[in-house]
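Coordinate analysis (summary)
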Amino acid sequence: MSFYKVKYSKSAEKFIKKNKAIGIRFFKAFTEIAEGRENIHTYDVKKFHSKNYDDIFRLRIGDHRAVFRIVDDELFVYVFDIGSRGVSARK
């Protein structure tokens, strides 16, 4: 079994450090996904439909979501961004 490496963008790292409670949940989720791609079904993950990419997903935990990419041939998960879904902005 091959393990994936998880790489975070600077903005994703900043979010995890600033928001400890939810950041730990995202960190744990991406660690489990990196251990085996079948673990993706444990979380609220949906695939983005794109003409250019077939490997971009979003992970939702509570009122936050992360956008990430799984690159199988290089065995890594790249987390682009983590942020609020904008629930407070809708009120």
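Counted under the stated rule, the structure contains six salt bridges. The salt bridge involving Asp 44 is made with Arg 58; its shortest N-O contact spans 3.3 Å. Residue Asp 44 is found in strand β2 (residues 44-47), and its partner Arg 58 is found in strand β3 (residues 56-61); the two are separated by 14 residues along the sequence. For Arg 58, a relative accessible area of 11% translates into the label buried. In this structure, Asp 55 and Arg 69 form a salt bridge, with 3.0 Å as the shortest nitrogen-oxygen distance. Highlighted residues: Asp 55 in the loop between β2 and β3 and Arg 69 in strand β4 (residues 64-71), separated in sequence by 14 residues. What makes Asp 55 buried here is its relative accessible area of 15%.

Turning our eyes to something else, we now look at the packing of aromatic side chains. Enumeration over the complete set of coordinates arrives at seven aromatic pairs. Geometrically, the ring pair formed by Tyr 8 and Phe 30 is edge-to-face, given 6.2 Å between the ring centres and 80° between the ring planes. One end of the pair, Tyr 8, is in strand β1 (residues 5-8); the other, Phe 30, is in helix α2 (residues 20-35), with 22 residues separating them in the sequence. Feature note: the residues Tyr 8, Phe 15, Phe 26, Phe 27, Phe 30, Phe 57 and Phe 68 constitute an aromatic cluster, connected by ring pairs. Above the ring of Phe 76, the side-chain terminus of Lys 7 is found at 4.7 Å from the ring centroid.

Thresholds applied
- Residues numbered from 1 in each chain as written.
- Predicted model: local features only at pLDDT ≥ 70, side-chain atom pairs only at ≥ 80, totals over all residues.
- Heavy atoms only, no water.
- Salt bridge = Lys/Arg side-chain N within 4 Å of Asp/Glu carboxyl O.
- Helix = DSSP H or I, 4+ residues; strand = E, 2+ residues; numbered from the N terminus.
- Buried < 20%, exposed > 50% of the residue type's maximum accessible area, 1.4 Å probe, protein only.
- Phe/Tyr/Trp six-rings, centres within 6.5 Å; stacked < 30°, edge-to-face > 60°.
- Lys NZ or Arg CZ within 6 Å of the ring centre and 35° of its normal.

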